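Architecture and fold: a report
The chain contents come next:
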Amino acid sequence: MDLDHLVYAGPDLAAAVEDVARLTGVRPVPGGSHVGVGTRNHLLGLGGGAFLEVIGPDPGQPDPAGPRPFGIDDLTEPGLVDWAVATDDLDETIERARAAGYDPGPALDMSRRRPDGELLQWRLTAPRTELVPFLIDWGDTPHPARELPVVRLLSFEVVHPEPGAVRKDLAALGVESNVREGARPALVARLEGPSGPVNLV
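As a starting point, this report considers the structure included with it. (Residues numbered from 1 in each chain as written. Predicted model: local features only at pLDDT ≥ 70, side-chain atom pairs only at ≥ 80, totals over all residues. Heavy atoms only, no water.)

Regarding the nonpolar core
We apply this condition: Residues belong to one nonpolar core when they are buried, are Ala, Val, Leu, Ile, Met, Phe, Trp, Tyr or Cys, and are joined through side-chain atoms within 4.5 Å. Using a 1.4 Å probe on the protein chains alone, a residue whose accessible area is under 20% of its type maximum counts as buried, one over 50% counts as exposed, and one in between counts as partly exposed.
Counting residues in hydrophobic clusters, the biggest one holds 36 residues, and the most contacted among them are L52, L80 and W83. Grouped together as the second largest cluster of nonpolar side chains are 17 residues, V7, F70, W122 and L124 included.

Side note on the side chain of T24
Selection rule: Where helices and strands are cited, they refer to DSSP runs of H or I of at least four residues and of E of at least two residues respectively, numbered from the N terminus. Throughout this description, a polar contact denotes any pair of N or O atoms lying within 3.5 Å of each other; where both atoms belong to protein, one of them has to be capable of donating a hydrogen while the other can accept it, and for residues adjacent in sequence the pair is counted only when both atoms sit in side chains. For this analysis, residues touch if any pair of their heavy atoms sits within 4.5 Å.
Examined against the element boundaries, T24 turns out to sit in helix α1 (residues 13-24). Judged by its relative accessible area of 1%, T24 falls in the buried class. Reaching out from T24, the side chain makes a polar contact with the backbone oxygen of V20 at a distance of 2.8 Å. Looking at T24, its side chain comes within polar contact range of the main-chain oxygen of V26, at 3.1 Å. Setting aside chain neighbours within four positions, we find T24 in contact with L44, V151, L191, G193, P194, S195 and V198.

Notes on the environment of V20
Tracing the backbone shows V20 in helix α1. On the accessibility criterion, V20 (0% relative accessible area) is buried. C-alpha separation for the pair V20 and G79, spaced 59 residues apart in sequence, amounts to 9.8 Å. Discounting residues that sit within four places of it in the chain, V20 has contacts with Y8, G25, V26, P28, L44, L52 and V54.

As for the pattern of salt bridges
What counts, and what does not: Basic side-chain nitrogens of Lys or Arg form a salt bridge, by our definition, when they fall within 4 Å of a carboxyl oxygen of Asp or Glu.
Here the structure, examined in full by the defined rule, presents 17 salt bridges. Residue E92 pairs with R96 through a salt bridge whose shortest N-O separation is 3.6 Å. In this pair, E92 and R96 are both assigned in helix α2 (residues 90-99), four residues apart and thus about one turn of the helix distant. When its relative accessible area of 43% is taken as the criterion, R96 is described as partly exposed. Close ionic contact of R114 with D116 constitutes a salt bridge, the shortest N to O distance being 2.4 Å. On the basis of relative accessibility, which here comes to 22%, the residue R114 falls in the partly exposed class. Put simply, R114, D116, E118, R146 and E147 are held in one network by salt bridges that share partners.

Next comes the structure, spelled out in structure tokens:
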């Protein structure tokens, strides 16, 4: 399965967008609100059909009944917090991963309305850990990366003190990614835009 998108989240969406624009030299464009979840996003293409999602609290919505995704309510600064891989058969991929020893969780229905009014609908598994990706299936919805400004994704790697455990879960999902040993868990994306190469962590 291929990388679908990286998730850069922060406690203040406008500040997170400015962060990415300053680092890359390209401004993410408005995506839309996740109604009932209490979040809104901006998007930036990464080339190859993938994109960067910049997400944070939506000031136009009331606080949701439960916690916002990606640990947003507990964040004190923006950062790269998760990643998603695409599948065209979410249910089959979930069952295959469970049989291989990793449970990605149940399938959930999601949607958001773009600024132009178009409704996007998709299915995904809830994020479990930032180091192992969640799964996403866009179904008949046009992929968001098709009309975005682009910075090039040069590399992406997962860092963990015990990389073997992460590799085992990735293998159960059928996902290949660079995993290296490091003092603490982290995701590191190297991007190249008009401002030159930068690391997003």
